[in-house]
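This is what each chain is made of:
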Amino acid sequence: IRLRCQKGIPPSLRGRAWQYLSGGKVKLEQNPGKFDELDEALGDPKWLDVIERDLHRQFPFHEMFVARGGHGQQDLFRVLKAYTLYRPEEGYCQAQAPIAAVLLMHMPAEQAFWCLVQICEKYLPGYYSEKLEAIQLDGEILFSLLHRVSPMAYKHLNKQKIDPILYMTEWFMCAFSRTLPWSSVLRVWDMFFCEGVKIIFRVGLVLLKYTLGSSEELKSCQGQYETMERLRALNPKIMQETFLVQEIIELPVTERHIEREHLIQLKKWKEAHGDLQCKSPPRFHGAKAISDSEPYPRKALESTPSIILPPDSELLPKGRKSKLPKGDKKRDQGKGRLANGPILEENGTQSSLNPESTTLHQSKESLSSQESEDTYL
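Definitions and limits used
- Residues numbered from 1 in each chain as written.
- Predicted model: local features only at pLDDT ≥ 70, side-chain atom pairs only at ≥ 80, totals over all residues.
- Heavy atoms only, no water.
- Helix = DSSP H or I, 4+ residues; strand = E, 2+ residues; numbered from the N terminus.
- Buried < 20%, exposed > 50% of the residue type's maximum accessible area, 1.4 Å probe, protein only.
- Contact = heavy atoms within 4.5 Å.
- Areas by Shrake-Rupley, 256 points an atom, 1.4 Å probe, with all protein chains shown as cover.
- Phe/Tyr/Trp six-rings, centres within 6.5 Å; stacked < 30°, edge-to-face > 60°.
- Core = buried A, V, L, I, M, F, W, Y, C linked by side-chain atoms within 4.5 Å.
- Axes fitted to C-alpha atoms, helices over the stretch in contact; angles between N-to-C directions.
- Parallel < 35°, antiparallel > 145°, perpendicular 65-115°, else oblique.
- Left-handed = near helix turned anticlockwise from the far one by under 90°.
- Disulfide = S-S within 2.5 Å.
- Expected span 1.5 Å × (residues − 1).
- Salt bridge = Lys/Arg side-chain N within 4 Å of Asp/Glu carboxyl O.
- Nonpolar A, V, L, I, M, F, W, Y, C, P; charged D, E, K, R; others polar.
- pLDDT = per-residue confidence, 0-100.

A. Structural detail: the overall build of the chain. Helices and strands together make up the secondary structure of the chain, namely 21 helices and two strands. Out of the 377 residues belonging to the chain, those deemed buried represent 43%. A separation of at least 24 residues holds for 76% of the contacts in the chain among residues at least 6 apart in sequence. Accessible area for the chain stands at about 21,900 Å²; split by element, carbon and sulfur atoms hold 53% of it.

The following block contains the structure:
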């Protein structure tokens, strides 16, 4: 599955795949009617006003969100409002809007809501809390990992005293949905849903490495202002889908590196600032970790044959045809037996097999999915 996601999920399956990878599908099944209940509730006016003001800023040129009050903006409002009711202690954060908008481009509002819940609680826990402590901590982790990946970029940022939170906040909190070209965003999200936050770290490291990682690049970044401008206007070549994805896959930064660095930075944080005020739940590194943490009982597979043979019929060995005596062939032709038609009995009346047993293609998956909401183009 990991390799398939690295190659890119086909557009027609992307919405379904994201739901299954994130565990949003399981959450929806475990909470039937919950979204409708939240959708019908009034909501906190404090959050509703802020959400309303942010709607038109999300992908303003996309056909779903271009019209004020259109169906895309309405669904975006519903999803974001539902989350403020689902997690009132967190409320609403502006960076959640582009995340929800990307989800809504691939699935209906209810499924998008549960995927958003999984991103906020499993993939990026604490990112959208009031104090933004989790994102500051991850900024320090990114900066420390940069020392291994690109010492030159690390030294330059350190020399200019540019804090990681100044350039990586939007990258991480919006999962690069407002930074990269659209084709690259989708490829990054395919891997992110499968492998977890390490993909976000890798993207950030690749961008820093190829923006500030050579003496040629640093010639035009002599000061703090020039460096920040360069990081705000990244070179399109390094964000191009084929180049970026290959670099992400090859970069040797694993979950173990991130977790080890997390413990180091957490210790430094406590020494400098004391305990974290926002106690966020542990982070899950990808679809497998999420699935293992919440085992969901699945029905055993049952055989559902698509071709049902008449009773007492014999299966011939492969490659052999039935041989009838010459007399039988003539008798069959005389009675008008058709290869695929009704069978004439001795008295000339037609008989057919039991209608229930002759139904072809009864496999639940062979013709169409029984879950109509799964297929959403």
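B. Broad picture of the packing of aromatic side chains. Across all of its chains, the model carries 18 aromatic pairs by this definition. Ring geometry for Y86 versus F113: centroids 5.6 Å apart, planes at 85 degrees, classification edge-to-face. Highlighted residues: Y86 in helix α6 (residues 71–86) and F113 in helix α8 (residues 109–123), separated in sequence by 27 residues. Residue classification places Y86 among the buried residues on the basis of a relative accessible area of 14%. Given the relative accessible area of 0%, F113 is considered buried. These aromatic residues form a ring-pair network of at least three members: W18, Y123, W189, F192 and F193.

C. Inspection of the environment of V206 at higher detail. One can find V206 in helix α13 (residues 198–212). Linking V206 and I248, residues 42 residues apart in sequence, is a C-alpha distance of 7.0 Å.

D. Looking closely at the nonpolar core. Residues L103, F113, Y167, W171, W189 and L207 are the most contacted members of the largest nonpolar core, which totals 97 residues. For this core, the leading source of residues is α8, giving ten residues.

E. Structural view of the packing of α6 against helix α7 (residues 96–104). Relative orientation of the contacting elements α6 and α7 amounts to 125 degrees, with a least axis distance of 10 Å. As summarised for this structure, α6 and α7 are arranged oblique, according to the angle between their axes. Crossing of α6 against α7: the hand is right-handed. Only Q96, A97, A100, A101 and L104 of α7 make contact with α6, whose side of the interface consists of G72, D75, L76, V79, L80 and Y83.

F. Region of interest: the state of the cysteines. Following the criterion strictly, the structure yields zero disulfides and no others. Summary of cysteine pairing: C5 is not part of a disulfide, and the nearest cysteine sulfur, belonging to C194, is at 4.1 Å. On the basis of relative accessibility, which here comes to 12%, the residue C194 falls in the buried class.

G. Highlighting the environment of W18. Counting through the fold element by element, W18 comes out in helix α2 (residues 11–22). A relative accessible area of 0% places W18 in the buried class. Along the primary structure W18 and A112 are separated by 94 residues, whereas in three dimensions their C-alpha atoms are 9.7 Å apart. Discounting chain neighbours no more than four positions away, the residues touching W18 are I9, V102, L103, H106, M107, C115, L186, W189, D190 and F193.

H. Fine view of α8. Here α8 is 15 residues long and its end C-alpha atoms lie 20 Å apart, about the 21 Å a rise of 1.5 Å per residue gives. Along α8, 14 of the 15 residues are buried, which leaves the element largely enclosed by surrounding structure.

I. Main features of the environment of L137. Relative to the elements of secondary structure, L137 occurs in helix α9 (residues 133–149). Beyond its immediate sequence surroundings of up to four residues, L137 is in contact with H262, Q265, L266 and W269.

J. Main features of the pattern of salt bridges. Applying the stated criterion to the full structure yields 16 salt bridges. A salt bridge links K198 to E195, with the nearest nitrogen and oxygen atoms 3.4 Å apart. Here the two residues K198 and E195 agree in accessibility, since each one is buried.

K. Looking closely at α9. Taking 1.5 Å per residue as the helical rise, α9 with its 17 residues ought to reach 24 Å, and the 24 Å between its terminal C-alpha atoms agrees with that figure. Most of α9 is tucked away, with twelve of its 17 residues classed as buried. Every buried residue of α9 is listed here: E133, A134, I135, L137, D138, G139, I141, L142, F143, L145, L146 and V149. Tucked into the core, α9 has its buried residues touching α10 (151–159), α11 (165–173), α13 and α18 (255–273).

L. Region of interest: the packing of α7 against helix α12 (residues 182–195). The interhelical angle for the contact between α7 and α12, taken along N-to-C directions, is 90 degrees, at an axis separation of 13 Å. Our classification of the angle between α7 and α12 gives roughly perpendicular. Contacts from I99, V102 and L103 of α7 reach α12 at W182, W189 and F193. A breakdown of the residues in the contact of α7 with α12 according to their chemical character gives six nonpolar, no polar and no charged.

M. Broad picture of the confidence of the model for the chain. With 82% of its residues at a pLDDT of 70 or more, the chain shows a mean pLDDT of 83. With pLDDT under 50 throughout, residues 329–377 is counted as low confidence; its partners more than four residues away or in other chains account for 42 contacts.

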